[in-house]
Amino acid sequence: MKLHRTLGHALLLTLLSAGAARAGNLLIESWRVDDKALWETVLIPAFEKTHPGIKVKFSPTAPTEYDSSLAARLAGGTAGDLMACRPFDVSLALFKKGHLDKLDGKPGMQNFPNVALLAWQTDDAKDTFCMPIASVIHGFFYNKKIFKQLNLQPPKTEAEFFGVLDAIKKTGNIAPLALGTADQWESSQIVFTNIGPNYWHGEDGRMSLIAGKAKFTDPAFVGALEYEAKLGTYLAKGASAQTYGDSQNQFALGRAAIYPTGSWDISYFNQTPALELGAFPPPVKRATDKCYISDHMDIGMGVNTRSKNKADAYTFLSWVGSAEFADIYTNRVTGFFSLSKHAITVRDPLAKQMIDWRASCASTIRVNSQVLNRGQPSMENELWNINAQVLNGKLAPKDAAARLQNGFAKWYKPPQ
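Rules used in this analysis
Residues numbered from 1 in each chain as written. Predicted model: local features only at pLDDT ≥ 70, side-chain atom pairs only at ≥ 80, totals over all residues. Heavy atoms only, no water. Axes fitted to C-alpha atoms, helices over the stretch in contact; angles between N-to-C directions. Helix = DSSP H or I, 4+ residues; strand = E, 2+ residues; numbered from the N terminus. Parallel < 35°, antiparallel > 145°, perpendicular 65-115°, else oblique. Left-handed = near helix turned anticlockwise from the far one by under 90°. Contact = heavy atoms within 4.5 Å. Nonpolar A, V, L, I, M, F, W, Y, C, P; charged D, E, K, R; others polar. Core = buried A, V, L, I, M, F, W, Y, C linked by side-chain atoms within 4.5 Å. Buried < 20%, exposed > 50% of the residue type's maximum accessible area, 1.4 Å probe, protein only. Salt bridge = Lys/Arg side-chain N within 4 Å of Asp/Glu carboxyl O.

A few words on the packing of helix α11 (residues 219-232) against helix α18 (residues 397-409). Two elements in contact, α11 and α18, have axes whose closest approach is 8 Å; the angle formed by their N-to-C orientations is 135°. By the criterion of interaxial angle, the relationship of α11 to α18 is oblique. Considering the relative orientation of α11 and α18, their crossing is right-handed. Judged by residue contacts, Val222, Leu225, Glu226 and Ala229 of α11 engage Pro397, Lys398, Ala400 and Ala401 from α18. In terms of residue class, the contact of α11 with α18 is built from six nonpolar, no polar and two charged.

Here's what the structure looks like:
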């Protein structure tokens, strides 16, 4: 009798467990804390409207803590069913550790071009482990009212750019650039990898570094650092203690005329209706030069290999690959542009202006995103620190280039 009760109890637990797995509860991990309200009020309701049996929860972690906390949850078996994927090496490392499913041939993946998949594939492109979602584009925002008051036009060349910066500096009460170096990451991600592609010719330069045909001490990379050092002379007093949030506030309040940035900041500044925003791509050296933009593949989504509800996870992922999701995400997460093949009309005028740069400028990604971040010293950390010092006038461009190259050469052996 006792044996029957034990078996019956075990059977009940098995059925309850199976029921829980079929219950349709999904948890999404992400670093996009800013998107929480959108997921909860727009995206998830749109999905659940056509999939009433599946309940989805969006659980973001602060961007600076996401990678480490997600790794801990994955190791402990408590991570969500689906996870937002960083591009290239960070997610590749998760795949190699067995945390992400292979997605080749899964429903929805057919809606993305091969170039969009590169950020979430193995080096040989044989395995894809995250579905692409969106990219961001780098450039400069400017305050239209200030430009109109000073009779200035958006610059197309570096000479014009410095002329504009000089004119703003002469006012004495408006900072030319809303930029600080306290957080460091902006120095690299929205200055160096924003202006640099025009010097190293985008993908040509990036791939040459990977192939060992180029060095950071080459004129193209030193030239970008020299340009950056010159921009540093237009920062407000106390810029070394100025945070990213401080810069946003400075620009929103009209205390600075130009803001080096990425398209992700459009939604933030749209909350200040009185601020009339314009945008221009990184000015080229000569008017006849080909232009390049950092059009960075930023976010994807993958399936946790240990998810207890994979059937629903794949149903949801298929929806992420749909035209409905692409349209909502592009037009509600303003400044994030769908990587899918779906024809999406971008409704925000500034976002449309930035995405239209693709028609005249060649796209590239942040120079160190693929392969170059895999050793120590970490190139990401080096770029943050070195570029902050260059902007602050504490490190000469040639010395900065030598430090980057020396650190890189310690661990990287180019393919033969």
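Let us look at the nonpolar core. Core analysis: the largest hydrophobic core is formed by 84 residues, its most contacted members being Trp39, Leu82, Phe141, Met301, Phe316 and Tyr329. Per-element accounting of this core gives the leading share, seven residues, to helix α2 (residues 36-50). Residues within four places of tryptophan 39 in sequence aside, it is in contact with Ile28, Ile44, Pro45, Phe58, Met301, Phe316 and Phe325. If you look at the next biggest cluster of nonpolar residues, it comprises 48 residues, including Val191, Phe221, Tyr227 and Leu391.

To continue, consider the pattern of salt bridges. Using the criterion set out here, one finds 14 salt bridges in the structure. One salt bridge connects aspartate 295 with arginine 358, and the closest N-O pair in it is separated by 2.7 Å. Remark: arginine 358 occurs in the loop between α16 (349-355) and β10 (362-364) and aspartate 295 occurs in strand β8 (residues 292-303); sequence separation between them is 63 residues. Take aspartate 295: its relative accessible area is 10%, and that puts it in the buried class. Residue arginine 347 pairs with aspartate 327 through a salt bridge whose shortest N-O separation is 3.7 Å. Of this pair, arginine 347 sits in the loop between β9 (337-338) and α16 while aspartate 327 sits in helix α15 (residues 323-332), placing them 20 residues apart in sequence. What you see here is one network of salt bridges that share partners, running through Asp89, Asp123 and Arg374.

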